[in-house]
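# What the coordinates show
Residue-level listing of the chains:
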Amino acid sequence: MSLVKVVRVAVATVWSDPDARTADTVVTQLLLGDPVVVDEVRGDWARVVATGQPAPSLDPRGYPGWLPTGQLTDASTMDDGPSSVVDALATGLRAAPGGAVVVPGVTLGTRLAPAGPPVGGWLPVRVAGHPDPFWVPDADVRPVPAGPPSGEQALEVARRLLGVPYVWGGLTPAGIDCSGLVHLAWRRLGVRLPRDAHEQAEATEPLPPGRERPGDLYFFARPGHRIHHVGFVADSGRMLHACGDARGVVEEGPTPGRVATQSGARRVS
């Protein structure tokens, strides 16, 4: 069984094992409208593949994991027309312009399909599983960029998440991990990178030592092990990253541990 569905809630957490849900078994998160392929249903849980989060070493179709079936809906009401992307760190969808929020916590990087032009500062949008359009403040969304963005633009998106808590598997301004920060910043700009750090390294262009510039990526690996950490190159040799030791997104100079494990810089091209 393989069915195409989309996420119907603002944020859906994906787990490696539905029967053992702890912080360590979170693998990623999905945002409202994200497509998935459903491979298996077990009671109230579905094993899915998130096709918008490449993970070649796990599944050539995307990132696999489990989430509640109630967080999914049919994709048939959506289309491939122009889309907007949430630029605010978080916003809410309303049933009418200026009305009460009915879908709270819609986060940065969420794709929304406009259902018409803005009206009085409110944009009507289509959401899968709902026959009538919702409304979002027009100031909270932007058109998906048409041209290739720069690393500097991705760095500026990431800087807006300074102070966000570090959460393993997190992909939102409520909590995020190192590769999630990179994935989300580029997603906001319309670029789809792999979800995990070691595969982000494989999808980017290696740079000669000293040729990195702000917006490029530093990668880190212990001797004999695969890459386990990634961060944005910032100004003056600093790095902006979601750091487990610091328990959040920080911008800092090189620490001895990072210097010892740095495996090079790479560029999204």
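Overview of the structure. Remember, predicted model here, so these are calculated numbers, not experimental data.

Calculation rules
Residues numbered from 1 in each chain as written. Predicted model: local features only at pLDDT ≥ 70, side-chain atom pairs only at ≥ 80, totals over all residues. Heavy atoms only, no water. Helix = DSSP H or I, 4+ residues; strand = E, 2+ residues; numbered from the N terminus. Buried < 20%, exposed > 50% of the residue type's maximum accessible area, 1.4 Å probe, protein only. Core = buried A, V, L, I, M, F, W, Y, C linked by side-chain atoms within 4.5 Å. Lys, Arg positive; Asp, Glu negative; His and termini not counted. Salt bridge = Lys/Arg side-chain N within 4 Å of Asp/Glu carboxyl O. Contact = heavy atoms within 4.5 Å. Pairing = 2+ DSSP bridges. Axes fitted to C-alpha atoms, helices over the stretch in contact; angles between N-to-C directions.

## Some details on unusual backbone geometry
Located in the positive-phi region is Ser 236, a residue other than glycine, with phi close to 55 degrees. With respect to the element layout, Ser 236 can be found in the loop between β19 (229-233) and β20 (239-243). The backbone phi angle of Arg 247 is positive, close to 60 degrees, even though this residue is not glycine. Judged by its relative accessible area of 70%, Arg 247 is exposed.

## With respect to the nonpolar core
By size, the foremost hydrophobic cluster in this structure holds 29 residues, and its most contacted members are Ile 176, Leu 181 and Phe 232. Counting only elements with at least two residues in this core, the list comes to α1 (151-159), α2 (178-188), α3 (197-202), β18 (217-220), β19 and β20. At 6 residues, α2 tops the list of elements feeding residues into this core.

## Brief notes about the side chain of Glu 199
Its location among the elements puts Glu 199 in helix α3. Lacking a salt bridge, the buried Glu 199 has Arg 226 as its closest oppositely charged neighbour, with an N-O distance of 6.7 Å. Discounting chain neighbours no more than four positions away, the residues touching Glu 199 are Pro 54, Ala 55, Pro 56, Ser 57, Leu 58 and Pro 194.

## Brief notes about the side chain of Asp 34
In this structure, Asp 34 sits in the loop between β3 (26-31) and β4 (35-42). Given a relative accessible area of 10%, Asp 34 falls into the buried group. Among residues more than four places away in sequence, those in contact with Asp 34 are Lys 5, Val 6, Val 7 and Arg 187.

## Structural notes on the sheet that holds strand β21 (residues 248-252)
Here 6 strands make up an open sheet; going across it, the order is β17-β22-β18-β19-β20-β21 and the pairing antiparallel. Whereas interior strands pair on both sides, the edge strands pair on one side only; in this sheet they are β17 (205-206) and β21. Pairing of β17 with strand β22 (residues 262-267) involves 2 bridges; the strand directions are antiparallel. Among the inter-strand pairings, Glu 205 is bridged to a residue of β22, identified as Arg 267. Lying over the sheet, α1 contacts β19, β20 and β21, oriented at roughly 110 degrees with respect to β19. Contacts from α2 reach β18, β19, β20 and β21, with the element oriented near 45 degrees to β19.

## Description of the pairing of β19
Most of β19 is tucked away: 5 of the 5 residues are buried. Here β18 runs beside β19; their pairing, made up of 4 bridges, is antiparallel. What sits directly across from Tyr 218, in β19, is Gly 231. Across 2 bridges, β19 lies against β20 in antiparallel orientation. Residue pairing in the sheet places Phe 232 in a bridge with Leu 240 of β20. Turn length for the β19-β20 hairpin, with the two strands adjacent in sequence and antiparallel, is 5 residues, and the turn residue Ser 236 shows positive phi of about 55 degrees.

## Considerations on α2
Burial analysis of α2 places 11 of its 11 residues in the buried class, which makes it a mostly covered element. Taken residue by residue, α2 has Cys 178, Ser 179, Gly 180, Leu 181, Val 182, His 183, Leu 184, Ala 185, Trp 186, Arg 187 and Arg 188 as its buried positions. Just downstream of α2 lies Gly 190, where phi reads positive at about 90 degrees.

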